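Reading the structure
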2 protein chains.
Amino acid sequence: MPRYYRYLGELMDEGVERISSNELSVRMKVTASQIRQDLNNFGGFGQQGYGYNVQYLYEEIGSILGLDCQHNVIVVGAGNMGQALANYVKFEKRGFVITGLFDINPALIGTMIRGIKIYSMDQLPEFVRNNRVDIAVLTLPKERAEQAAETLVRLGIHAIWNFAHLDLDLPEDVVVENVHLSDSLMQLSYNIVKNRREQQNK
Amino acid sequence: MPRYYRYLGELMDEGVERISSNELSVRMKVTASQIRQDLNNFGGFGQQGYGYNVQYLYEEIGSILGLDCQHNVIVVGAGNMGQALANYVKFEKRGFVITGLFDINPALIGTMIRGIKIYSMDQLPEFVRNNRVDIAVLTLPKERAEQAAETLVRLGIHAIWNFAHLDLDLPEDVVVENVHLSDSLMQLSYNIVKNRREQQNK
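The notes below deal with the structure included here. (Residues numbered from 1 in each chain as written. Chains lettered and ligands numbered in written order. Predicted model: local features only at pLDDT ≥ 70, side-chain atom pairs only at ≥ 80, totals over all residues. Heavy atoms only, no water.)

1. Examining the overall build of chain A
Regarding its fold elements, chain A presents 9 helices and 9 strands. Along the first, second and third principal axes, the C-alpha set of chain A runs to 60 × 50 × 35 Å. Within chain A, residue pairs in contact and separated by at least 24 positions form 53% of the contacts whose partners lie at least 6 positions apart. Accessible surface, chain A: about 9,900 Å² in total, of which carbon and sulfur atoms supply 46%. With 20 positive and 24 negative side-chain charges, chain A shows a separation of 8 Å between the mean positions of the two kinds. (Helix = DSSP H or I, 4+ residues; strand = E, 2+ residues; numbered from the N terminus. Contact = heavy atoms within 4.5 Å. Areas by Shrake-Rupley, 256 points an atom, 1.4 Å probe, with all protein chains shown as cover. Lys, Arg positive; Asp, Glu negative; His and termini not counted. Charge placed at Lys NZ, Arg CZ, Asp CG, Glu CD.)

Below is the structure:
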């Protein structure tokens, strides 16, 4: 779904008003029947022979993705990755608003990133009591991530965007989305080795 | 495979020497038969009844992942994300050594990140001619990413770790691994909405 949303956004930027599943299929490099199947699952947006109304589909998928409301986000771990994410303005445009960063490093506490304050980890419970927090981003070393995640869940946060290099073991009703950068880099490396072998065998 | 490598590394840190597919299955939350299937595909490391030798398996998978040799990496786009990645020491420990950053911002060109120089984009062809580059990281706005990727491929770079928010259209022999952070965040948001609905229906 996020990928459909991205492509539909590009189409809107280009001023395209309608698109057939065949045209979308060429762009997205998936089969037209896959597209019809995916989009039918989400309420049957297409009309046979007319193609999809790009803006309508974009808005419907946006709503399915929960992008029609604001998400308050805190970043736990204000190191390189946490700061990079806090500096990323595009997330805010999509409704993901970072309201605070948290760290244990005294040199960082009290400073600001793009106008967002870095608090001490000790201030986390109080912050969560006084401010709605929908999503916590975990950008901590893995040694401290598990405990931080458990604290967040105990404080009532049910959605975690996890950049720490481990799989979190959390209750079923907590939504976790992992970004394992090291795994991704190793996957790239694996594909390089495989690709090299295939080229040699040609 | 990267996930196996990560778990095996953790086992080694804990001093575990052998592990059965059943024990590994509990840890990794995949079925034991899946594990046996995955690992048999990669040369049949296990001996029936004895379990896997953790260190041997770790090293074998490391070699399959291409981690037994150094990869020279350049970062194209020295903004927040590019700088965060350049500051990330752990990649270097795995053999991914960043040798240069590139940007068009005059304020950044000539400065250093963790001892690594930021060059002008104009210097890219010369740099690639004079230095082996195995992987290029693309941390550019999507408007400039496609063209930069084409330049990199033309210069002979065949592996791209793409953080730009688009799917690159490159020749078949170029290996691309995508990190689409916005897609990941939207996936999280989608799961939050879905989860909320499920909890309400309980």
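Picking up where we left off.
2. Things to note about the side chain of Ser182(A)
If you trace the backbone, Ser182(A) turns up in helix H9 (residues 181-200). Sequence-distant contacts of Ser182(A), defined by excluding residues within four places in its chain, comprise His165(A) and Phe91(B).

3. Looking at helix H1 (residues 2-13) of chain A
All names here are of chain A. Taking 1.5 Å per residue as the helical rise, H1 with its 12 residues ought to reach 16 Å, and the 17 Å between its terminal C-alpha atoms agrees with that figure. The element H1 is extensively covered by neighbouring structure, given that 9 of its 12 residues are classed as buried. Those residues of H1 that fall on the buried side of the exposure criterion are Pro-2, Tyr-4, Tyr-5, Arg-6, Tyr-7, Leu-8, Gly-9, Glu-10 and Leu-11. (Expected span 1.5 Å × (residues − 1). Buried < 20%, exposed > 50% of the residue type's maximum accessible area, 1.4 Å probe, protein only.)

4. What about the sheet that holds strand E8 (residues 159-162) of chain A?
Here 7 strands make up an open sheet; going across it, the order is E5-E6-E4-E3-E7-E8-E9 (chain A) and the pairing mixed. In this open sheet, the two edge strands, each paired with only one partner strand, are strand E5 (112-113) and strand E9 (175-178) of chain A. Of the pairings in the sheet, the one linking E8(A) to E9(A) comprises 4 bridges and is parallel in character. Note that in E9(A) the partner of Asn162(A) across the bridge is Asn178(A). Lying over the sheet, helix H8 (residues 142-154) of chain A contacts strand E3 (71-76), strand E7 (135-138) and E8 of chain A, oriented at roughly 170 degrees with respect to E7(A). Packing of helix H9 (residues 181-201) of chain B onto the sheet brings it into contact with E3, strand E4 (96-103), E7, E8 and E9 of chain A, and relative to E9(A) it is tilted by some 165 degrees. (Pairing = 2+ DSSP bridges. Axes fitted to C-alpha atoms, helices over the stretch in contact; angles between N-to-C directions.)

5. Side note on the pattern of salt bridges
Within this structure, the stated rule accounts for 16 salt bridges over all chains. Notably, a salt bridge pairs Glu14(B) with Arg27(B), separated by 2.5 Å at the nearest N-O pair. Of this pair, Glu14(B) sits in the loop between helix H1 (2-13) and strand E1 (18-19) while Arg27(B) sits in helix H2 (residues 21-28); the two residues are 13 residues apart in sequence, bridging distant segments of the chain. By relative accessible area, Arg27(B) is classed as partly exposed at 33%. Through salt bridges that share partners, Arg3(A), Arg6(A), Asp167(B) and Asp183(B) make up one connected network. (Salt bridge = Lys/Arg side-chain N within 4 Å of Asp/Glu carboxyl O.)

6. Details of the sheet that holds strand E4 (residues 96-103) of chain B
Here we have 7 strands laid out as an open sheet, ordered E5-E6-E4-E3-E7-E8-E9 (chain B), and mixed in their pairing. At either end of the open sheet lies a strand with only one pairing partner, and these are strand E5 (112-113) and strand E9 (175-178) of chain B. Sheet strands touched by H9(A): strand E3 (71-76), E4, strand E7 (135-138), strand E8 (159-162) and E9 of chain B. Its angle to E9(B), the strand with the most contacts, is close to 165 degrees. Here helix H8 (residues 142-154) of chain B sits on the sheet in contact with E3, E7 and E8 of chain B, set at roughly 170 degrees to E7(B).

Coordinates in, geometry out; function isn't part of it.
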